[in-house]
Amino acid sequence: MSNPPLASIDPLASDPEVSALLADEIERQRTTLQLIASENFTSPAVLAASASVLTNKYSEGYPGRRYYGGNAVADRVEDLARERAVRLFAAEHANVQPHAGASANLAAYQALIEPGDTILAMRLDQGGHLTHGSPVSITGKLYRFVSYGVTPATEDGSGERIDLDLVRDLARRERPALIVAGTTAYTRLIDPQPFREIADEVGAYFMFDAAHPAGLIAAGVHPSPVGVADVVTFTTHKTLRGPRGGAMLCRGDLAKQIDSAVFPGLQGGPLEHAIAAKAVAFAEAARPEFRTYAGQVLRNAAALAAALAEAGFRLVAGGTENHTVLIDLRSFDAELTGKIAQEVLDRAGITCNRNQIPDDPRSPFVTSGLRLGSAAETTAGMGEAEMTIVGELIAKVLRNRQDERVIDEVREDVRALCAKFDPYPTPLPGAPRAAGAYAAVGAN
Ligand SMILES: *Cc1c(COP(=O)(O)O)cnc(C)c1O
């Protein structure tokens, strides 16, 4: 059976089941609030590149050194993505093949150190990532992790900052081969410089995992670890607003090591369609509008944090300097767990995730915290006024979590708010109309 001409394809007419599911998902994304800190709304151009025929191509190797034929175009795509990444972050070398942030981290470990070596990284329950040594992650099985955390909480909000004295003490005592900075739930700026100094003192490599702030760094609203850390890993789908995927930046002298750790060290053929979409995202992030966007992301997170503090929540680390807000639910309601909060907010159309807070007495499945992020709804066009309303709606739901009427009422308020800030207002050419799917992101 041959494929129909591309131009005439209604992509999913042949599969009503998947088509209906995609329609449901686009409806969910358009009518509920997306406050998961690791999510964003990609542009139609990123969506188009992700859905392109490059998915058909096998390109094991690197541009100019592929194992299979027919890679002239794939080479240009990947070269373009690498060049754009290098320019965007002022790096010496980029590898755009990692399938995800986790793969990029594993590749960095593989490139720099040996199994059994010691890695100093952030504790998981204080904001680190699974790939920073969780016993359930392959990273925790292959390497010996030693963990630092944050300083104790204080009344005035000046605590719960990365404890650099502890990083230094542990580095001197444990002599790690690699020090990792970077977090998944930490609301303050991370200055890479002190980590560099500590790494130099003990002769360790320094890796910065910029999975979350990559877009903020690209826009210049957060300090850049590029040129400070030996290797920077990041995801392309969080604040950077590109396709789901990972990437790595490094100094020129580490390029070969990094490249061979990704392929053939860890992965098979790269996803050239995802790489094309990464190239699109890198170009978008280089535009002045993206800098404006990133600044608004920070102001929106601050507005959300202020509204939540006003409503009686304790903010972990006393507030935010990035796109995330981490709230401690215990001060608001001793009985309220992160799990309950996430579920009841979901019913009100507010999508976020439960998260452990530093020294959380509850398990990672229950938790005492809630993590929120401003990156996605800022893309949809929301500003500080809307974020203040969102904070009030969250407090209203959690205060009345047993009252179905209030939850329904908020669900309607959320629906009305989302209608004014639709991430995908106009259908893309060729997209299924009924689904109303894949449409254009507004000017922002
Ligand atoms: C999200 C994240 C990752 C992993 O990214 P995936 O694409 O989900 O594999 C790695 N490190 C940190 C700090 C993250 O926040």
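Residues numbered from 1 in each chain as written. Predicted model: local features only at pLDDT ≥ 70, side-chain atom pairs only at ≥ 80, totals over all residues. Heavy atoms only, no water.

## Quick word on the overall build of the chain
For clarity, the cut-off: Strands are runs of DSSP state E lasting at least two residues, helices are runs of H or I lasting at least four, and both sets are numbered from the N terminus onward. C-alpha atoms define the radius of gyration in this analysis, and the globule rule sets the expected value at 2.2 Å times the number of residues to the power 0.38. The classification of residues rests on relative accessible area computed with a 1.4 Å probe and restricted to protein chains. Under 20% of the type maximum is buried, over 50% is exposed, and intermediate values are partly exposed. Contact definition: two residues touch when any of their heavy atoms are within 4.5 Å. Areas reported as accessible are Shrake-Rupley estimates using a 1.4 Å probe. Residue values count occlusion only from the protein chains shown. Under the convention used here, Asp and Glu are negative, Lys and Arg are positive, and both His and the chain ends fall outside the count. Every charge is mapped onto a representative atom, which is NZ of Lys, CZ of Arg, CG of Asp or CD of Glu.
Across its full length, the chain holds 15 helices and 17 strands. Computed over its C-alpha atoms, the radius of gyration of the chain comes to 22 Å, within 12% of the 22 Å expected for a compact globule of 444 residues. Projecting the C-alpha coordinates of the chain onto the three principal axes gives extents of approximately 65 × 65 × 40 Å. Residues classed as buried in the chain amount to 58% of the 444 residues present. Pairs at least 24 apart in sequence give 70% of the contacts found in the chain among residues at least 6 apart. On the chain, roughly 18,500 Å² of surface is accessible, and the fraction owed to carbon and sulfur atoms is 53%. Taking the average place of the 43 positive charges on the side chains of the chain and the average place of its 54 negative ones, the gap between the two points comes to 2 Å.

## Some details on the sheet that holds strand S12 (residues 324-328)
To keep things clear, this is the line we draw: Strands were regarded as paired on the criterion that DSSP finds at least two bridges between them. Interaxial angle, 0 to 180 degrees, is taken between N-to-C directions of lines fitted to C-alpha atoms, where a helix line uses only the stretch in contact.
Taken together, four strands build an open sheet; the order of strands is S11-S12-S15-S14 and the sheet is antiparallel. Two strands lie at the open edges of the sheet, namely strand S11 (314-315) and strand S14 (353-355), each paired on one side alone. Where S14 lies against strand S15 (residues 369-373), three bridges are found, and the strand directions are antiparallel. In the strand pairing of S15, Arg354 is matched with Leu370. The strands touched by helix H11 (residues 288-310) are S11, S12 and S15; relative to S12, the strand with the most contacts, the crossing angle is about 15°. On the sheet, helix H12 (residues 338-347) packs against S14 and S15 and is oriented at approximately 45° with respect to S15.

## Some points on the nonpolar core
Formally: Buried Ala, Val, Leu, Ile, Met, Phe, Trp, Tyr and Cys residues that are joined via side-chain atoms within 4.5 Å together make up what is termed a nonpolar core. Boundaries between domains were set according to an automatic or database domain assignment.
Grouped together as the largest cluster of nonpolar side chains are 58 residues, with contacts concentrated most on Phe89, Tyr148, Ile179, Phe195, Phe234, Leu240 and Leu249. Per-element accounting of this core gives the leading share, eight residues, to helix H10 (residues 272-285). The residues that make up this core include at least three from each of domain 1 (53-285) and domain 2 (288-420). Excluding residues that lie within four positions of it along the chain, Leu240 makes contacts with Leu88, Phe89, Ala214, Gly215, Ala218, Phe234, Thr235, Phe282, Ala285 and Phe290. Of all hydrophobic cores here, the second largest spans 43 residues; its members include Leu33, Leu308, Ala341 and Met387.

## Let's talk about the packing of aromatic side chains
Inclusion rule: Aromatic contacts are taken between Phe, Tyr and Trp rings whose centres are within 6.5 Å, Trp giving its six-membered ring; a plane angle under 30 degrees counts as stacked, one over 60 as edge-to-face, and the others as tilted.
Throughout the structure, instances matching the rule amount to twelve aromatic pairs. Relative to Phe145, the ring of Tyr109 has its centre 6.1 Å away and its plane inclined at 65°; by these criteria the two rings are edge-to-face. Residue Tyr109 is found in helix H4 (residues 101-112), and its partner Phe145 is found in strand S6 (residues 144-148); the two are separated by 36 residues along the sequence. The exposure class of Tyr109 is buried, given its relative accessible area of 0%. Taking the relative accessible area as the measure of exposure, Phe145 reaches 18% and is therefore buried. Centre to centre, the rings of Tyr148 and Phe195 are 5.9 Å apart; their planes meet at 50°, and the pair counts as tilted. Taken together, the residues Tyr148 in strand S6 and Phe195 in helix H7 (residues 192-202) connect sequence positions 47 residues apart. Like Phe195, Tyr148 is buried.

## Focus on the domain arrangement of the chain
Stated formally: Throughout, the accessible surface (probe 1.4 Å) given up by two parts as they are put together, summed over both, is called the buried area. Within this document, salt bridges are pairs made up of a side-chain nitrogen of Lys or Arg and a carboxyl oxygen of Asp or Glu, the two lying within 4 Å of each other. In protein, a polar contact requires one atom able to donate a hydrogen and another able to accept it; more generally it is a pair of N or O atoms within 3.5 Å, and residues adjacent in sequence count only if both atoms are side-chain atoms.
Annotation of the chain at the domain level lists domain 1 (53-285) and domain 2 (288-420). A straight line from the C-alpha centre of domain 1 to that of domain 2 covers 28 Å. Across the boundary between the two partners, domain 1 contributes 27 residues, which contact 28 residues of domain 2. Buried area between domain 1 and domain 2, summed over both chains or domains, comes out near 2,300 Å², and the portion from carbon and sulfur atoms is 54%. Summed over the three residues of domain 1 that lose the most area to domain 2, namely Glu160, Thr187 and Arg241, the buried surface amounts to 28% of that side. Linking domain 1 to domain 2 there are two salt bridges. Put simply, Arg188 and Glu321 hold a salt bridge, and the shortest N to O gap is 3.7 Å. At the junction of domain 1 with domain 2, the criterion picks out 16 residue pairs in polar contact (both at pLDDT 80 or more). Within the residue set of the side of domain 1 that touches domain 2, elements represented by two or more residues are helix H8 (214-218) and H10.

## Digging into the layout of surface pockets
To be explicit about the condition: Buriedness for pockets is judged along seven lines, at least five of which must meet protein on both sides within 12 Å for an open set on the 1 Å grid over protein atoms alone, while cavities are sets there where a 1.4 Å probe fits but cannot get out, and lining residues have an atom within 4 Å of a point. Grid points are joined across faces, edges and corners, and a volume is the space filled by probe spheres set on the points. Each residue gets one of three labels, nonpolar for Ala, Val, Leu, Ile, Met, Phe, Trp, Tyr, Cys and Pro, charged for Asp, Glu, Lys and Arg, and polar for the others, Gly among them.
What the second largest pocket holds in volume is close to 550 Å³. What lines the second largest pocket is a set of 17 residues, and nearest its centre among them are Leu124, Gly128, Leu130, Thr184 and Asn355. Ranked by residues supplied to the lining of the second largest pocket, first place goes to S14 with three residues. A per-class count over the lining of the second largest pocket returns five nonpolar, eight polar and four charged. Per-domain counts for the lining of the second largest pocket show at least three residues from each of domain 1 (53-285) and domain 2 (288-420).

## Some details on the site of the ligand
Which entries qualify depends on this criterion: Residues are labelled near a given molecule or strand when at least one of their non-hydrogen atoms is within 4 Å of it.
Lining the immediate environment of the ligand, one finds 13 residues, of which Gly101, Ala102, Asp209, His212 and Lys238 sit closest. Interatomic distance of 2.6 Å between a side-chain N/O atom of Asp209 and a nitrogen atom of the ligand. A distance of 2.9 Å is found between an oxygen atom of the ligand and a side-chain nitrogen or oxygen belonging to Lys238. Notes on the ligand: free accessible area 380 Å², of which the protein chains cover 86%.

## Details of empty space enclosed by the protein
All chains considered together, the criterion is met by three cavities of 30 Å³ or more. In this structure, the largest cavity encloses a volume near 150 Å³. Along the walls of the largest cavity sit 17 residues, with Thr183, Arg188, Ile190, Pro213 and Asn322 positioned nearest its centre. Broken down by class, the residue content of the lining of the largest cavity amounts to seven nonpolar, eight polar and two charged. A domain split of the lining of the largest cavity shows at least three residues from each of domain 1 (53-285) and domain 2 (288-420).

## Digging into the environment of Gly70
Relative to the elements of secondary structure, Gly70 occurs in the loop between strand S3 (65-66) and helix H3 (72-89). Judged by its relative accessible area of 66%, Gly70 falls in the exposed class. For Gly70 and Arg84, which are 14 residues apart along the polypeptide, the C-alpha to C-alpha distance reads 23 Å.

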